[in-house]
Amino acid sequence: MKEQIEEIPNYKELSKYDILEYLDGQKRGGISNFGKSLFSIIIFIAVSVALFLFTFSIDFTLIFNISLRRALLLLINLYYGFRD
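The structure reproduced in this document is the subject of the present report. (Residues numbered from 1 in each chain as written. Predicted model: local features only at pLDDT ≥ 70, side-chain atom pairs only at ≥ 80, totals over all residues. Heavy atoms only, no water.)

1. Observations concerning the overall build of the chain
In step 1: Scanning the chain from N- to C-terminus turns up four helices and zero strands.
In step 2: Counting from the amino terminus, helix and strand elements in the chain follow one another as α-α-α-α.
In step 3: Buried positions account for 13% of the 84 residues belonging to the chain.
In step 4: For the chain, the share of sequence-separated contacts (at least 6 apart) that also reach a separation of at least 24 residues comes to 24%.
In step 5: As presented, the chain carries roughly 7300 Å² of accessible surface, and 62% of it is formed by carbon and sulfur atoms. (Helix = DSSP H or I, 4+ residues; strand = E, 2+ residues; numbered from the N terminus. Buried < 20%, exposed > 50% of the residue type's maximum accessible area, 1.4 Å probe, protein only. Contact = heavy atoms within 4.5 Å. Areas by Shrake-Rupley, 256 points an atom, 1.4 Å probe, with all protein chains shown as cover.)

2. Overview of the nonpolar core
In step 1: Membership of the largest hydrophobic core is limited to five residues, which are Ala-46, Ala-50, Leu-53, Leu-72 and Ile-76.
In step 2: The dominant element in this core, judged by the number of residues it contributes, is helix α3 (residues 31-55), at three residues.
In step 3: If near-sequence neighbours (up to four positions away) are discounted, Leu-72 is found in contact with Ala-46, Val-49, Ala-50 and Leu-53. (Core = buried A, V, L, I, M, F, W, Y, C linked by side-chain atoms within 4.5 Å.)

3. Digging into a nonpolar patch on the surface
In step 1: A cluster of nonpolar side chains, Ile-41, Phe-44, Ile-45 and Val-49, forms an exposed patch at the surface whose accessible area comes to about 390 Å².
In step 2: Along the chain, Phe-44 turns up in helix α3.
In step 3: For Phe-44, a relative accessible area of 58% translates into the label exposed. (Patch = residues over 30% accessible without salt bridge, like charges linked within 9 Å, V, L, I, M, F, W, Y side chains within 5 Å. Salt bridge = Lys/Arg side-chain N within 4 Å of Asp/Glu carboxyl O.)

What follows is the structure in structure tokens.
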């Protein structure tokens, strides 16, 4: 990490918050952003399907006697729990 900080131009003049923000910005990108985007799209689809199922009172039973609506709501709850 020390080497990464020393590679920043004028790092001695920057505050520690600016250095941390710069390092955080360099970590982002690539597969991590793709994974987050894909997961967000999956959650959006789950929310849309759950709203559709609740609107039209449609329900399917999955394995172990768990309904599809309940499984989708648990997935949404899990997503927002990890997000916080």
